[in-house]
Amino acid sequence: LVPTAHTPAPSNVIRKKLMGYVGFANLPNQVHRKSVRKGFQFTAMVVGESGLGKSTLINTLFNTTLYPPKEPISPAADRPKTVAIESIGADIEENGVRLHLTVVDTPGFGDFVNNDDSWKPIVENIESRFDSYLEQENRVNRTKIVDNRVHACLYFIQPTGHSLKQLDIEFMRRLHTKVNLIPIIAKADTLTDEEVTEFKERILADIAHHNIHIFQAPTYENEDEETIAEAEEIAGKIPFAVVGSDRLVNTPDGRQVRGRAYPWGVVEVDNEEHCDFVKLRQMLVRTYMEELREYTNDVLYENWRTEKLLSMGVAQDSSVFKEINPAARLQEERVLHEAKLAKMEAEMKMVFLQKVQEKEAKLKQSEEELYARHKEMKDALEKQRADLEDKKRKIESGRPLTPEKSSTTRKKGFLRT
Ligand code: GDP
């Protein structure tokens, strides 16, 4: 009644009501238990000029001190000359669900006098992670693949209130096909509400103008209203204007909240009226972490993999498989050998046919020549016979053989007399 996983669903699927409980309704629970047992891996990258609050935001997002407080920025001489890539891993657990979180930091990005190539080491890092995944996929034993691919890249935009800088555009243009880009307006508490709204509009216009693809909350058909509303709400907040703080402060009404206290009041991190932090966390962690992982695997990695294999001269996906599978390679060699034999046979047949045709043409030509000669001889003989017949008839009738000759003779005789 129901097609198996291996047979494509026929167009005439019969929908049947079950007479009793079978048990496959428990499948989601099985998947759930298995996933919980295995745990989850997630890698987030943070990019942005130093001091924009990247470490603070990551600590705030995962509610842990992943980043220890930073030393004051050292003099220029001590700074690295290029963008460095550092990653911190942590196992965190919430309600029995384990998450291995890796945060990739990119200190030095945008901190130099010339930042033209700041994106390069980051692209290289993302691609080397894809490389490592591809290498693991191609191993004989690939049951324990560690997924170090970057699933999301939080790009911190300086809260200038103007529009995107050349550095921002260049970075996003170079990376949008390799990673899920999530643009963030850093330190949003330094802008007023109107400034944030206008800044967001300008950023989105710039992003659209440069055809940059940023991660969008996906919507599926037949989705319930609540999910669609949630997706729309999240999409409406991009780029997220966030405030980060891993400290608890007291509000004037006596609550203890994560926020930043100013002489004129408290900015609450977890208050949706104050900033988009909650929506960002919802997108990154609560609702779309799995979508981010899936998009990275199914679209970004897949595109990169196709390009990489094509550039290596592999024409089809199946060839990769054969390279590492001896049985498949033998099969491929046999097919190639058979094709070569068939080609040789076809060539021999063609040469043979050509030779036969040439011989036939020659024979035909000599036959025609013979026929022509025969006809010529026949005509000559026929003419000869006709002449002889004519002579015979004349002799028999007693007339002179050549009337012209006899008349002359007669003429001559007449003159003589
Ligand atoms: P990073 O260099 O980008 O990792 O920045 P840090 O997280 O080390 O933050 C640099 C400074 O900015 C610290 O003094 C933070 O307390 C401060 N900071 C972090 N987040 C915010 C924020 O949302 N608003 C404001 N006003 N300051 C912030």
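Here, every reference points to the structure presented above.
Chains are numbered independently. Their residues run from 1 in the order of the written sequence. Where totals are concerned, whole chains, interfaces and linings use all residues; where local detail is concerned, this predicted model gives features only for residues with pLDDT of at least 70, and gives and counts side-chain atom pairs only at 80 or more.

As for the overall build of the chain
Part 1: Helix numbers and strand numbers start at the N terminus; a helix is a DSSP run of H or I with at least 4 residues, a strand a run of E with at least 2. Looking only at helices and strands, one finds eleven helices and nine strands in the chain.
Part 2: As a rule, residues whose C-beta atom has 12 or fewer other C-beta atoms within 10 Å are exposed, those with 20 or more are buried, and those in between are partly exposed; C-beta atoms are placed from the backbone. Split into buried and exposed, the 417 residues of the chain put 23% on the buried side.
Part 3: Note on contacts: residues are paired as contacts if their backbone-placed C-beta atoms lie within 7 Å. A fraction of 68% describes how many contacts in the chain between residues 6 or more apart in sequence connect residues 24 or more apart.

Quick notes on the sheet that holds strand 6 (residues 240-241)
Part 1: In this description, strands pair whenever DSSP reports at least two bridges between them. In space, the six strands of this open sheet follow the order 2-3-1-4-5-6, with mixed pairing throughout. Two strands in the sheet have a free side with no partner beyond their single neighbour: strand 2 (86-94) and strand 6.
Part 2: For strand 2 and strand 3 (residues 97-105), the ladder comprises nine bridges, and the chain directions are antiparallel. Paired with E86 across the bridge in strand 3 is D105.

Description of the sheet that holds strand 7 (residues 248-250)
Part 1: Pairing is antiparallel in the open sheet, where three strands are placed in the order 7-8-9. Two strands bound the open sheet, and with one partner strand each, they are strand 7 and strand 9 (265-268). Between one strand and the next, the sheet's axes are offset by a mean angle of 60°, whatever the strand orientation.
Part 2: In this structure, strand 8 (residues 256-262) lies alongside strand 9, joined through four bridges in antiparallel fashion. For G259, the partnering residue across the bridge sits in strand 9 and is E268. The convention used is that axes are lines fitted to C-alpha atoms, helices contributing only their stretch in contact, and that angles between N-to-C directions extend from 0 to 180 degrees.

Some points on the site of the ligand
Part 1: Close to the ligand lie 14 residues, the nearest being G53, K54, S55, T56 and K187.
Part 2: If one sorts the elements of the shell around the ligand by residue count, helix 2 (residues 54-61) sits on top with three residues.
Part 3: Here the residues of the shell around the ligand are counted per class, giving two nonpolar, seven polar and five charged. Being near a molecule or strand means, for a residue, that its backbone-placed C-beta atom lies within 6 Å of it. Note that Gly is not counted as nonpolar here; it falls among the polar residues with everything else outside the nonpolar set of Ala, Val, Leu, Ile, Met, Phe, Trp, Tyr, Cys and Pro and the charged set of Asp, Glu, Lys and Arg.

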